[in-house]
Amino acid sequence: RAGLARTFAAAILSLSAAAAGTEMEKKNVDGKWETADGTPTYHIAEDGTVDWYTYSGFRRYHSECHVCHGPDGEGSTYAPGLINSLKTMSYDDFLVIVAAGREVMRADKQSVMPALGDNANVMCYIDDIYVYLKARADGVLPRGRPAKRADKPDTARENEKRCFGDN
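Residues numbered from 1 in each chain as written. Predicted model: local features only at pLDDT ≥ 70, side-chain atom pairs only at ≥ 80, totals over all residues. Heavy atoms only, no water.

A.B. asks: Can you tell me about the overall build of the chain, naming the residues and giving the values?
C.D. replies: Counting its secondary structure elements, the chain contains 8 helices and 6 strands. Its helices and strands in sequence order give the chain the pattern α-β-β-β-α-α-α-α-β-β-α-α-β-α, from N to C terminus. Classification of the 167 residues of the chain by burial places 40% in the buried group. Within the chain, residue pairs in contact and separated by at least 24 positions form 57% of the contacts whose partners lie at least 6 positions apart. Accessible area of the chain: about 9700 Å², with a carbon and sulfur share of 50%. (Helix = DSSP H or I, 4+ residues; strand = E, 2+ residues; numbered from the N terminus. Buried < 20%, exposed > 50% of the residue type's maximum accessible area, 1.4 Å probe, protein only. Contact = heavy atoms within 4.5 Å. Areas by Shrake-Rupley, 256 points an atom, 1.4 Å probe, with all protein chains shown as cover.)

As structure tokens, then:
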């Protein structure tokens, strides 16, 4: 797990600041979509088929995050709605908050987001979770399980095995 944290830290240091914008140019790299600056993003075909990583993000979010943040990123009385947060939050900020956690202490509010940087079930799929929530935040993905999805790319299988140390 220490290796996972070091890999994550190196990735954070190498990321450039993500530019906020509307529709960005996207490219497909081995089944994974990204913006021109390398930020992971979603792809939804005209027939509603989501890319594998967006679908995986739905699954991983509902496995690890929805208990606090509510179904479909809508929020709860316990934790904020992440689809609202991702309307303005950069990819880099998302990664840092998930990995390192965050504590908000005010007179009217106290909340703690635990650090999940050592949780492989989160960090091995952090990009997937991000693209799912970003699609929800951008209003292009409705609530619920996506009806259609692309097949899982071989690179996703390889990265999963590598992240969990199964090679």
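The rest of the description comes next.
A.B. asks: Could you give me a rundown of the state of the cysteines, with the residues and numbers involved?
C.D. replies: With the rule as written, the count across this model stands at 1 disulfide. Of the cysteine sulfurs around C65, a residue in no disulfide, the closest is that of C68, at 8.7 Å. (Disulfide = S-S within 2.5 Å.)

A.B. asks: Please set out the packing of helix α5 (residues 91-100) against helix α7 (residues 126-137) residue by residue, giving values where relevant.
C.D. replies: Helix-helix packing is described using two parameters, namely the angle between the two axes and the distance between the axes. Between α5 and α7, the shortest axis-to-axis distance is 11 Å and the interhelical angle comes to 125°. Considered as vectors, α5 and α7 are oriented oblique to each other. Relative to α7, the crossing made by α5 is right-handed. Touching Y91, F94, L95 and V98 of α5 are I126, D127, I129, Y130 and L133, all from α7. Classifying every residue of the contact of α5 with α7 gives 8 nonpolar, no polar and 1 charged. (Axes fitted to C-alpha atoms, helices over the stretch in contact; angles between N-to-C directions. Parallel < 35°, antiparallel > 145°, perpendicular 65-115°, else oblique. Left-handed = near helix turned anticlockwise from the far one by under 90°. Nonpolar A, V, L, I, M, F, W, Y, C, P; charged D, E, K, R; others polar.)

A.B. asks: Can you break down α5 residue by residue, with the values?
C.D. replies: Burial of α5 is extensive: 7 of the 10 residues sit out of reach of the surface. Where α5 is concerned, the buried positions are Y91, D92, F94, L95, I97, V98 and A99. Downstream of α5 by one or two residues, G101 has phi in the positive range, about 80°.

A.B. asks: Quick rundown of the pairing of strand β1 (residues 26-29)? Include the residues and the values.
C.D. replies: Two faces make up the sheet, and in a regular strand the side chains alternate between them. Relative to strand β2 (residues 32-35), β1 runs antiparallel, the two being bridged by 4 bridges. If you follow K26 over to β2, its bridge partner there is T35. Hairpin geometry of β1 and β2 is characterised by an intervening segment of 2 residues between the two adjacent antiparallel strands and by a positive phi of about 55° at D30. (Pairing = 2+ DSSP bridges.)

A.B. asks: Let's hear about the nonpolar core: which residues, and what values?
C.D. replies: One finds F94 and L133 to be the most contacted residues of the largest nonpolar core, which totals 31 residues. Mapped by element, the contributors of at least two residues to this core are α2 (52-64), α4 (82-85), α5, α6 (120-123) and α7. If one sorts the elements of this core by residue count, α7 sits on top with 8 residues. Excluding residues within four positions of it along the chain, L133 makes contact with Y61, G73, L82, I83, L86 and F94. (Core = buried A, V, L, I, M, F, W, Y, C linked by side-chain atoms within 4.5 Å.)

A.B. asks: Account for the confidence of the model for the chain, with residues named and values stated.
C.D. replies: Looking at the chain, the pLDDT average stands at 86 and 85% of residues meet or exceed 70. Mean pLDDT values for the elements of the chain range from 51 in helix α1 (residues 2-14) up to 97 in α7. Every residue in residues 13-22 is under pLDDT 50, and counting partners more than four places away or in other chains gives 14 contacts. (pLDDT = per-residue confidence, 0-100.)

A.B. asks: I'd love a proper account of α2, names of residues and values included.
C.D. replies: A rise of 1.5 Å per residue sets the reference length of α2, with its 13 residues, at 18 Å; its end C-alpha atoms lie 18 Å apart and thus fit the reference within 8%. When you tally the buried positions in α2, you get 10 out of 13 residues, the bulk of the element. Every buried residue of α2 is accounted for by W52, Y53, T54, Y55, S56, G57, F58, R60, Y61 and H62. For α2, the capping residue at the N-terminal end is D51, with a side-chain oxygen 3.1 Å from the backbone nitrogen of Y53. (Expected span 1.5 Å × (residues − 1). Polar contact = N/O pair within 3.5 Å; in protein donor to acceptor, adjacent residues only side chain to side chain.)

A.B. asks: Lay out the side chain of T41 with the relevant residues and their values.
C.D. replies: Inspection of the secondary structure puts T41 in the loop between β2 and β3 (49-50). Non-local contacts of T41, meaning those with residues more than four positions away in its chain, are made with K26, W33, E34, T35 and V131.

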